[in-house]
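# Descriptive analysis of the structure
For reference, the chains in residue letters:
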Amino acid sequence: MKCGLEIHVQLETDSKLFCTCHTNYKDAPTNTNICPVCLNQPGAKPYPPNKAALDGAIKIALMLGCEISPEVTYFQRKHYDYPDLSSGYQRTSIPIGDKGELNGVRIYDVHIEEDPGQYKPDLGIVDFNRSGIPLIEIVTEPDMKSPDEARKFLRELIRVLEYSGSARGEGTMRADVNISIEGGKRAEIKNINSIKGAYKALQFEMVRQKNLLKRGIEIKQETRAFLESQMITVPMRLKEQAEDYRYIPDPDLPPMLAEKDRIEAIREKMPEPSHIKTDRFVQEYGINKDNAKVLTSELELADAFEEVVKTIYPEFAALWMRDELKRVIYYNKMNFKESEITPAQIVDLLQLLQNNKITAKAGKRIMEKLPKNHEMPSMIAEKLGLTGVVNEDVVLDAVKKVVNKNPEAVSDYYEGKKNAMNFLIGQVMRITRGKADPGKTHKLLETELKK
Ligand SMILES: [Zn+2]
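The following paragraphs examine the structure supplied in this document. Keep in mind the model is a prediction, meaning the values are calculated, not measured.

Right, let's get into the pattern of salt bridges. Taken as a whole and judged by the stated rule, the model has 33 salt bridges. Among the salt bridges present, the one from Asp148 reaches Arg151, with a minimum N-O distance of 3.0 Å. Placement of both Asp148 and Arg151 in helix α2 (residues 147-164) is noted, with a separation of 3 residues, approximately one turn of the helix. Using a relative accessible area of 31% as the deciding quantity, one classes Asp148 as partly exposed. When its relative accessible area of 22% is taken as the criterion, Arg151 is described as partly exposed. Its salt-bridge partner being Asp412, residue Lys417 comes within 3.8 Å of it at the nearest N-O pair.

In structure tokens:
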């Protein structure tokens, strides 16, 4: 199969694309976040395009490795007839950037357009609150060969968009998917609102088309809708051609110029894209790719890692931040930023561990206390009585005591019963109140039992 994607995500701006209405309409009652412009009332003239939207789109296009069109960009009217669009056309820009690439998938072009309203057939209304919000549309070449590849690409793309700080996340995503299999025609699937949805829609469509071909039935070139509730696709209409939209330049809107200086200023300030950061982490810090991927999953987490490894050995930091830190914030249903954990706290904790001041078990417990708690781990360790890995003499005393008091477990051990050792280690831990290093305890017990 071959699959290409068209992904729309809302751009992060204060006001809509062609008027001054706000973009945070979330709690606004139906049809209150509107004006004559974004309602497309006859005679209402749009304002010049929102500069922040254009800058955001340029930044994202650059992060996707696109070439930015040096020429004038203008808006076209794309005509179609649907209740969510009272003017009968959607304003959509010609490409702002093209010829990009993300993890081996070519980016055909990046442009902006206005969001239409929301048609709610079940309620019999159209809500225009979101009408006119700037969207970025990213169109890929049909370079993905399986539903899994498409899912991987979408995950990476959403990370790049989040890194950019100029787009909202998966929550505002709407994707159209083109899919064709050998010997068939291209079908377009609309109404996909999540990465999981894209994966399921592609899986369903791949099987449907294969079955048709097997039975010798011709696959129509058509547009299909994805029904999220049932995870299936159903026919919507025969696919329209570009000419059906009757594109014409919008005479109400002045063309936009992306001057060289402006592009360079954006390039200088843009964050390093996530996929490039992942590769750099592998190169620069010698950590493996899986760890690097997890650590770059969020810009703030990646920044924290780079801060931590100024003091801590990278592999050690990567291990703890990937396993324990991620576990804790995931358990608390937060992202790293929301957890308010600072690099200084992480460094403090890892130093306690590196210097054998606390056991790994104590380290895990302290990590659990860190979200939204601005105390330093060394303070927490002291408060909870976790400091001090007990020195070897004390452990050895405990080992001797345990061996003397538990003849049954000892004979089990000699008979080769595996859990006998675990029981004995547990007893030592109890006496030392969990402060003995488990690895060392194991060794001391073995030596003692060999006597
Ligand atoms: Zn408006």
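This paragraph deals with the packing of helix α7 (residues 299-308) against helix α8 (residues 314-331). Relative orientation of the contacting elements α7 and α8 amounts to 145°, with a least axis distance of 10 Å. Helix-helix and strand crossings are classified by hand; for α7 and α8 the assignment is right-handed. Residues Leu301, Ala304, Phe305 and Val308 of α7 pack against Pro314, Ala317, Ala318, Met321, Leu325 and Lys326 of α8. Residue composition of the contact of α7 with α8, grouped by class: 9 nonpolar, no polar and 1 charged.

Attention now moves to the nonpolar core. Counting 95 residues, the largest nonpolar core has Ile7, Leu64, Ile138, Phe153, Phe305 and Met321 as its most contacted members. Three or more residues apiece are contributed to this core by two domains, here domain 1 (2-265) and domain 2 (272-383). What Ile7 contacts, discounting residues up to four positions off in sequence, is Ile136, Glu137, Ile138, Thr140, Phe153, Leu154, Leu157, Met173, Arg174 and Ala175. Val403, Leu424, Val428 and Leu445 belong to the second largest nonpolar core, which has 16 residues in total.

The rules behind each value
- Residues numbered from 1 in each chain as written.
- Predicted model: local features only at pLDDT ≥ 70, side-chain atom pairs only at ≥ 80, totals over all residues.
- Heavy atoms only, no water.
- Salt bridge = Lys/Arg side-chain N within 4 Å of Asp/Glu carboxyl O.
- Helix = DSSP H or I, 4+ residues; strand = E, 2+ residues; numbered from the N terminus.
- Buried < 20%, exposed > 50% of the residue type's maximum accessible area, 1.4 Å probe, protein only.
- Axes fitted to C-alpha atoms, helices over the stretch in contact; angles between N-to-C directions.
- Left-handed = near helix turned anticlockwise from the far one by under 90°.
- Contact = heavy atoms within 4.5 Å.
- Nonpolar A, V, L, I, M, F, W, Y, C, P; charged D, E, K, R; others polar.
- Core = buried A, V, L, I, M, F, W, Y, C linked by side-chain atoms within 4.5 Å.
- Domains from an automatic or database assignment.

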